[in-house]
Amino acid sequence: MIKFFLMVNKQGQTRLSRYYEHVEINKRTVLEAEVIKNCLSRSKDQCSFIEYKDFKLVYRQYAALFIVVGINETENEMAVYELIHNFVEVLDKYFSRVSELDVSFSVSEIHFS
């Protein structure tokens, strides 16, 4: 199960966050800071899957944008890795040439159910 979905730039600023289970606002801030730190500190040669606390992180980098998905331990990491890529392809088709600025301003208009 997906716990959360984050889009973050290289400076560590969250551009989009979506949580699929309740997390208090102050805990979200701490969680996002730790997740961002873990993902941005890794080199391109390292695996895109990280075990973190009681769940796993799956992330991909597209130019200056990192997409990070928090999943439980029973979820398939490769399926989520491909889901991220498919999501980016859909954004690219919809917005034609997605950039970080598109994400920070335009994605707020999209409502996830």
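Residue numbers run consecutively from 1 along every chain, following the written order of its sequence. Only residues with pLDDT of at least 70 get local features here, since the model is predicted, and only at 80 or more are side-chain atom pairs given and counted; chain-wide, interface and lining totals rely on the full set of residues. Neither water nor hydrogens contribute to the side-chain values; these are computed over all heavy atoms in the structure.

### Things to note about the overall build of the chain
Heads up, the condition is: Put simply, DSSP marks the helices as runs of H or I at least four residues long and the strands as runs of E at least two long, and each gets a number from the N terminus on. To sort residues, take the accessible area from a 1.4 Å probe on protein chains only and compare it with the maximum for the residue type: under 20% means buried, over 50% means exposed, and anything in between is partly exposed. Between two residues, a contact is recorded if the distance between any of their heavy atoms is within 4.5 Å. Every accessible area reported is derived by Shrake-Rupley at a probe size of 1.4 Å, with residue values counting cover from the shown protein chains alone.
Within the chain one finds three helices and five strands. Taken from the N to the C terminus, the helices and strands of the chain come in the order β-β-α-β-β-β-α-α. By residue count, 36% of the 113 residues in the chain fall in the buried class. Pairs at least 24 apart in sequence give 44% of the contacts found in the chain among residues at least 6 apart. Surface summary for the chain: the accessible area is close to 7100 Å², and the carbon and sulfur share equals 52%.

### Some remarks on the confidence of the model for the chain
Segments scoring low in pLDDT should not have their predicted coordinates read at a detailed level. This is how the line gets drawn: A score from 0 to 100, pLDDT tells how confident the predictor is in each residue.
When pLDDT is averaged across the chain, the result is 85; 85% of the residues are at 70 or more. The model gives residues 105-113 a pLDDT under 50, and that stretch makes 13 contacts with residues more than four places away or in other chains.

### Quick look at the sheet that holds strand β2 (residues 14-19)
Basically, it comes down to this: Note on pairing: DSSP must find at least two bridges between two strands before they are called paired. Interaxial angles span 0 to 180 degrees and are taken between N-to-C directions of axes, which are lines fitted to C-alpha atoms, for helices over the stretch in contact.
Spatial strand order, β2-β1-β5-β4-β3: five strands in an open sheet with antiparallel pairing. Looking at strand neighbours, the two that pair on one side only are β2 and β3 (49-52), the edges of this open sheet. With direction set aside, neighbouring strand axes in the sheet form an average angle of 20°. The pairing of β3 with strand β4 (residues 55-62) spans four bridges and is antiparallel. From the neighbouring strand, Phe49 faces β4, where its bridge partner is Val58. Relative to β4, helix α2 (residues 77-95) is tilted by about 35°, and along the sheet it contacts β1 (2-9), β3, β4 and β5 (65-71).

### A short note on the pattern of salt bridges
Rules: Throughout this description, the term salt bridge denotes a Lys or Arg side-chain nitrogen within 4 Å of a carboxyl oxygen of Asp or Glu.
Per the stated rule, a full pass over the model turns up three salt bridges. Between Lys3 and Glu21 there is a salt bridge, and its shortest N-O distance comes to 3.8 Å. One end of the pair, Lys3, is in strand β1; the other, Glu21, is in the loop between β2 and α1 (25-40), with 18 residues separating them in the sequence. Where Glu77 meets Lys56, a salt bridge forms, and the shortest distance between an N and an O atom there is 2.5 Å. Residue Glu77 is found in helix α2, and its partner Lys56 is found in strand β4; the two are separated by 21 residues along the sequence. Here Lys56 falls in the buried class, since its relative accessible area comes to 14%.

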